[in-house]
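Residue-level structural notes
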Amino acid sequence: MRKRSIIQMTLVGVAVGAALALVALLIPWLPDAASEQAGIIDSVYWLVTVICVAIFAIVAGVAVYAVYKFRAPPDDLDDGSPIHGHTGLEIVWTLVPTALVTLIAVYSGVALAKAENLPEDDGHRVVHVTAEQFAWSYEYPDVELENGEPLRSGELVLPVDQPVEFLITSKDVLHSFWVPEWRMKQDAVRGVTTRTVVEPTKLGTFEVICTELCGLGHAIMRSQARVLSTADFEAWVAEQRRLAAEGGSVQGEALFTAQCASCHILEAAGSQGQVGPNLDEALQGADEEFVRESIVDPSASIAEGYEDVMPDNFGELFTDEQIDGLVEYLLESTGGG
Ligand code: CUA
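Everything quoted here is computed from the prediction, not taken from an experiment.

Overview of the nonpolar core
Counting residues in hydrophobic clusters, the biggest one holds 42 residues, and the most contacted among them are Tyr140, Leu156, Phe166 and Trp182. If we skip the residues at most four places from it in the chain, Trp182 touches Ala34, Ser35, Gln37, Ala38, Leu156, Leu158, Phe166, Val198, Pro200, Phe206, Ala225 and Val227.

Take a look at the structure:
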């Protein structure tokens, strides 16, 4: 009877274990891997997962077996027999975890060094990332506009298959720069420049996420990363140059799309953001002064039902010319003026 029960228990354990292993293997737990670094980082996840699954299976198996095998019969009212330490067992359960933790530490260190390694010879691209409550902005130091300023953008646009070194900082509190599909994650710290390296390997649009609790707008602190073919990237850069040179509401529209569209509805731009007020309503018939104030000093007047989460440094981030263009574009689009 007892032997049969143990066989039954073992069969149930094997069946449940197999089912759980299938769940672990068949469900794609990790996001799409879209960078050269993703495979390296994922190998660390899987190493740790395999070690944890094996240890859990051994511990749970022994625990379940011991509960069954050494349980007291119903008529046994004795105290258990006294047990002293087992030196051999203690040495094993100290040495094995020490070896495993050392393995994980060394493997992770080597993986990170490999992921953040840039080939010495070829000219990689540098992108400055600036975090602030609650927005991301990007500067391309190697792309100079006609007015001598570097190209700045509210969306991150990159060519595929080229390594990028991100130099990251914050204007206020701690934030953290992360695109899940690229895996690499790095803190943004005020007064410090941190770095990370990503080589995007897939075309597409990805979400840049802030992963450090940074205040009221943390959950909405997102921007877009677009990975383009080299030709499309060059075309994008040329377009940004042209818009910057053209000025006026044309430049304003580009700035709106890059910087404002993710949070505001504006019919003229086809934007659907719901974080801030619907601009078709909020700016209807507004005068230039109100539109300008709403951009450079958004806290001055908060629309009812909305939080004070809009970045307040657009006046520093963008040139007067760009702000003029944005004001002009918004007035044109909402019938104010
Ligand atoms: Cu910025 Cu969370």
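Here the narrative resumes.
A word on the pattern of salt bridges
Overall, the coordinates contain 11 salt bridges when judged by the stated rule. Put simply, Arg125 and Asp142 hold a salt bridge, and the shortest N to O gap is 3.9 Å. Pair noted here: Arg125 is in strand E1 (residues 125-132) and Asp142 is in strand E2 (residues 135-144), with a separation of 17 residues, a long-range link. Accessibility expressed as a relative area gives 14% for Arg125, which makes it buried. Within the structure, one salt-bridge network assembled from shared partners comprises Glu139, Glu149 and Arg152.

Some points on the sheet that holds strand E4 (residues 156-159)
Spatial ordering of the open sheet is given by E4-E10-E9-E6-E7, a layout of 5 strands whose pairing is mixed. Looking at which strands have only one partner, the edges of the open sheet turn out to be E4 and strand E7 (185-188). Geometrically, the sheet is characterised by an average inter-axis angle of 25 degrees between neighbouring strands, direction not taken into account. Bridging between E4 and strand E10 (residues 222-228) involves 4 bridges; their strand directions are parallel.

Quick look at the side chain of Ser170
Among the secondary structure elements, Ser170 is positioned in strand E5 (residues 164-170). By relative accessible area, Ser170 is classed as buried at 5%. From its side chain, Ser170 meets the backbone nitrogen of Asp172 in a polar contact 3.0 Å long. Polar side-chain contacts of Ser170 include one of 2.6 Å to the backbone oxygen of Val173. Once residues within four sequence positions are removed from consideration, Ser170 is found in contact with Ala131, His175, Ala188, Val189, Arg190 and Gly191.

Some thoughts on the sheet that holds strand E3 (residues 150-153)
Sheet strands pair by backbone hydrogen bonding; their relative direction is either parallel or antiparallel. Read across the sheet, 5 strands follow the order E3-E2-E1-E5-E8 without closing on themselves; strand pairing throughout is mixed. For this open sheet the edge positions go to E3 and strand E8 (194-198), each flanked by a neighbour on one side alone. For this sheet the average axis-to-axis angle between neighbouring strands, irrespective of direction, equals 25 degrees. Inspection of the sheet shows E1 paired to E5 by 7 bridges, in the parallel sense. Bridge pairing in E5 links Arg125 to Val164.

Calculation rules
Residues numbered from 1 in each chain as written. Predicted model: local features only at pLDDT ≥ 70, side-chain atom pairs only at ≥ 80, totals over all residues. Heavy atoms only, no water. Core = buried A, V, L, I, M, F, W, Y, C linked by side-chain atoms within 4.5 Å. Buried < 20%, exposed > 50% of the residue type's maximum accessible area, 1.4 Å probe, protein only. Contact = heavy atoms within 4.5 Å. Salt bridge = Lys/Arg side-chain N within 4 Å of Asp/Glu carboxyl O. Helix = DSSP H or I, 4+ residues; strand = E, 2+ residues; numbered from the N terminus. Pairing = 2+ DSSP bridges. Axes fitted to C-alpha atoms, helices over the stretch in contact; angles between N-to-C directions. Polar contact = N/O pair within 3.5 Å; in protein donor to acceptor, adjacent residues only side chain to side chain.

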